[in-house]
Each structure stands twice: as C-alpha cells, then as structure tokens.
Amino acid sequence: MFSREVIKQLRQWNERSPHKPLVIRGARQVGKSTLVREFGKEFDVFIEVNLELSEDAEIFTRTDDVLEIWQFLCLRNHVVSDKNKRMLLFIDEIQEVPQAVALLRYFYEKMPWLYVVTAGSRLQSLLKQRVSFPVARVEYLNLRPFSFMEYLNAVEGEAWCEMVRQLNVTAVMHPKLIGHFNQYALIGGMPEVVSNYVQYRDIERLSPIFNSLLKGYNEDVERYAKNEEQVRVIRHLLETAWFSAAEAIAMNNFGNSNYTSKQIHDAMDCLERAYILSLDYPITTTSAPAIPALRRAPKLIMVDSGITNFVADIQIEYLQNKELLDTWRGRAAEQIVAQELRVLLDNKFQEKQYYWVRDKKGTTAEIDFIWQQNAQIIPIEVKTGLHSHLRSLHSFVNTADRHVTAVRFWSGEFSVQDTFTPEPEKRPYRLINVPFYYIGQLEAILKQHLV
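Worth saying up front: this structure is predicted, and the values here are computed from it rather than measured.

The biggest cluster of nonpolar side chains holds 112 residues, and the ones touching the most others in it are Tyr217, Met268, Ile307, Leu341, Phe409 and Phe436. With eight residues, the single largest contributor to this core is helix 17 (residues 331-347).

Have a look at this one:
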C-alpha cells in the first residue's frame, strides 16, 4: 500500500481519550478499507467484519448487546478480549445493516477501551431509511482520492515530498515538479489508477480502470436514490456532469435534459453526499465570515480529475499541451486545484468550498476560489503568466475595505509581489505566486507571507 497522509489523523484519533467510534466517509474505491487495514497493523488485535456478507451482517441483527457481539467476534477470530491490549474493530459497509449504526453509541458507552472504525461506500443510502449516526457519539474522517503529495510519494518517494513540505524546490527541480503535477492532474488520484500507473507508466492501461469505476458508480444508483424517478435523474448526471466540471451551472434542464431544477438539485444532493461531486457556491463579500449566496449558480466539482478527463475525452489534449492552464480552457486546472484544496479543508474540518463573485449588476467579476485564513478572505486565482489578466482580482481588491493578500496558482516559480491595481484606483495588494505543486502547503505559505 502507498502511504496516505490521512493516516496521521487516524493516529491522532487513536491517541485521544476517550476515542469515539470513527466513521470514514468517501467515494467508492478511494481506499477506505485498505487504509483501515494498514492502520490495523499498529494494534495488538485487529478484527474486520464486512456487513455486505450475510454471515457478518447476521451478527448485528441477532442482538443489540455489544458485549455479546464482541465476545462472538473474538471467539470466531480465535483471540482473547483483553482491555490491556490495543484492539481495533473495523465494521466495513456499515450502511448495509442500519441497526449496526445505532449500536455505535453503545460501543462508545459500554466498551470505551475498544477502538471502533466504520466505513461504507454508500452511507448515503441510510438517509432513505431515516437512519443517522448517533449524535455526539461518533467522529468523522473524510478520505479523498490521492492528493498530489501522496501521488508524489508513490512515484518518487519521501525525499521529494519533504523537499516540497520545506518549500525548498530549487529552480533546477521546478520543471520536474510541474511535470509531475501535470501528470497527476491527467491521471487523477484514484488508488487503483495511481498504483497501475506507478507500476507500468502507461496511460493507455488506465482506461479499463476508469471504465470500471464509472460502472461501479452506476451500479450503486438504486442504493443512492429514493425512488425510480431519481434513479433516472442520477443516471443522467453520471453520464453528463463530468462535461461541466469546474463550471458554474444552471440546474434547470441540466445536461440538455427536461428535468426541473428541483429534480436535478435533489439528485446532485444525493451524489454530493456520496462524495462523487460537490456544489461550490459563491460568496459576494470580501470580508469574513464566508457566507454562501445559495441563490446564485454553484460551481460543479467532480470527485476526480482522472475520471473527468477520461469521460470528457480530453486526455490527448493534456498530452499535447505543456501548460496545464491551456487544457480544456483552463477548467482542467481548476478541477485539480479544487481537489487539492478540498483535502486542506478536510484537515480544518470544513465541509464547504467557495468562490467569489461581485455583487453588482452589470459586472462579471469572478474569483476562482476563496480561502478563509482566520478573519481574512484570501482570493485565489488559477492563472498563467506574469502579465495575465487579473481583472476580477483587481475588482476584489478595489472592493475590499482592507489590504488584500491574494494567491495565484500557476506553473511558474514561487514569488511574492507587492503591487497595485491599475489606475485610477491604484490600490496596493500582495500577490503570492504559488506553483501548483505547493498547493498542499498553502497554510504554511500564508503564515509566512500574509499581510
């Protein structure tokens, strides 16, 4: 197994006392089960049950006594229950037995010495049965596709990652890192895809894997949806949504359909809860807090750039363009940046990602992303070239009631510019130019250079 950075968060959970049962959420095939099995090697005893298997599911339907369940599992696995040992119970695909969800609170209350982790690729299906996880009795952890740092570790090793973490990429290494980031943006971060590419370094070998992932999402539709009508709408989204990645979308008649805004929104909500896509709404303010304007068009971000590139059939365009920002009219870059920022937001326990639009009639100013750092709203643009147009950024700076620090993600080298908006306003602001491979280090960069 390749190293996943989220293992650090698992270890932090492990060290907390008391430790509530942990629910790992994420899209299908992002590596939830593999991650927990690897984590289980750090315990004296590791017991796994999969509630898609009838013999495992039956255990949680025969009794609601967690002590009995644990005793049975220990006997079946030929281990002795010992409170003085570190023992981990992994309940996979927990959504298959809703009763098991309710029992999590009793594991926490009656067996606080036992570590319990649960996961499932279709936790969304519990909503149809009006089942929720016990309030204040569980913790949550999101698992996304591989981040760039995880990908880099897989292809080059820890020394390269440490160079990036230390913000110590030299001019000689810069093209190498940008090349790796472009390749990462092309193939995405699904674990099976990364594993295959690391072994064979052959893009053509990845197509059957992408196709299998898409079929898996389609096979799960009935379990996501609440009725037959929603099944049809979700299937439509799984065919068409990829083509609108990184675009602000209109719900009504989405994907050249006859579906209403409500039908599309409800279906997208299902897929968002299943972590297959996200709807990122704009804010209209330049100061904290970041409050979304829910009546405006959201930006659609898909789960993985590799799957998106495969469905949209733009892999050749990637290979022909040396500059990521020239690919798919810049949307390819926005999609992968959104994925990277999502991992950072998970680390801050924030669920939502936003962009910015100017709240003034007759204007079209739009900032690709915003980042709230303490009480400041940091505008983030995904642009190329030192002299590229930054009209929307200038609009943000001129509107703000404070000195602005802005970030530009690009393919150039790292630099910091203290500059001004054009005449007549000529407002001062700081622009931090951040190479794509440093996205994961955004908070460290802001701590050093935020005005």
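Having seen the structure, we can now continue with the description.
Cis geometry marks the peptide bond from serine 17 to proline 18, where omega comes out at -5 degrees. Secondary-structure assignment places proline 18 in the loop between helix 1 (7-15) and strand 1 (22-25). If you check the backbone angles, alanine 246 has positive phi at about 65 degrees while not being a glycine. Mapped onto the elements, alanine 246 comes out in the loop between helix 13 (228-240) and strand 6 (247-248). On the basis of relative accessibility, which here comes to 6%, the residue alanine 246 falls in the buried class.

Further remarks concern the sheet that holds strand 5 (residues 139-142). If you walk across this open sheet you meet the five strands as 2-3-4-1-5, and the pairing is parallel. Among the strands making up the open sheet, the edge pair consists of strand 2 (45-50) and strand 5. Neighbour-to-neighbour, the strand axes of the sheet open up by a mean angle of 20 degrees, direction not taken into account. With four bridges connecting them, strand 1 and strand 5 associate as parallel partners. Looking across to strand 5, one finds that valine 23 is bridged to tyrosine 140.

The strand order across the open sheet built from three strands is 6-9-7, with neighbouring strands paired in antiparallel fashion. Edge positions in the sheet fall to strand 6 and strand 7 (277-280), since each has one partner strand and no second. Relative to strand 9 (residues 299-302), strand 7 runs antiparallel, the two being bridged by four bridges. Among the inter-strand pairings, leucine 277 is bridged to a residue of strand 9, identified as methionine 302.

With respect to the helices and strands, the residue serine 411 is situated in the loop between strand 13 (404-410) and strand 14 (415-420). A polar contact of 2.8 Å, which involves the side chain of serine 411, links it to the side chain of glutamate 323. In this structure serine 411 touches His174, Ile178, Glu323 and Phe436, once residues within four positions along its chain are discounted.

Let's shift gears to helix 7 (residues 148-155). Among the eight residues in helix 7, eight count as buried, and that is most of the element. Every buried residue belonging to helix 7 is among Phe148, Met149, Glu150, Tyr151, Leu152, Asn153, Ala154 and Val155, and all of these are buried. Buried residues along helix 7 sit in contact with helix 8 (158-165), helix 9 (174-187), helix 10 (191-200) and helix 17. After helix 7 finishes, the residue glycine 157 shows a positive phi value of roughly 105 degrees.

Of all the eight residues making up strand 15 (residues 428-435), seven are buried; the element is thus mostly covered by neighbouring parts of the structure. Direction of pairing for strand 13 relative to strand 15: parallel, over a ladder of seven bridges. Each residue of the ladder has a partner; that of valine 404, found in strand 15, is tyrosine 429. Judged from the six bridges that link them, strand 14 and strand 15 form a sheet pairing that is antiparallel. For phenylalanine 420, the partnering residue across the bridge sits in strand 15 and is proline 428.

The rules we used
Residues numbered from 1 in each chain as written. Predicted model: local features only at pLDDT ≥ 70, side-chain atom pairs only at ≥ 80, totals over all residues. Heavy atoms only, no water. Core = buried A, V, L, I, M, F, W, Y, C linked by side-chain atoms within 4.5 Å. Buried < 20%, exposed > 50% of the residue type's maximum accessible area, 1.4 Å probe, protein only. Helix = DSSP H or I, 4+ residues; strand = E, 2+ residues; numbered from the N terminus. Pairing = 2+ DSSP bridges. Axes fitted to C-alpha atoms, helices over the stretch in contact; angles between N-to-C directions. Polar contact = N/O pair within 3.5 Å; in protein donor to acceptor, adjacent residues only side chain to side chain. Contact = heavy atoms within 4.5 Å.

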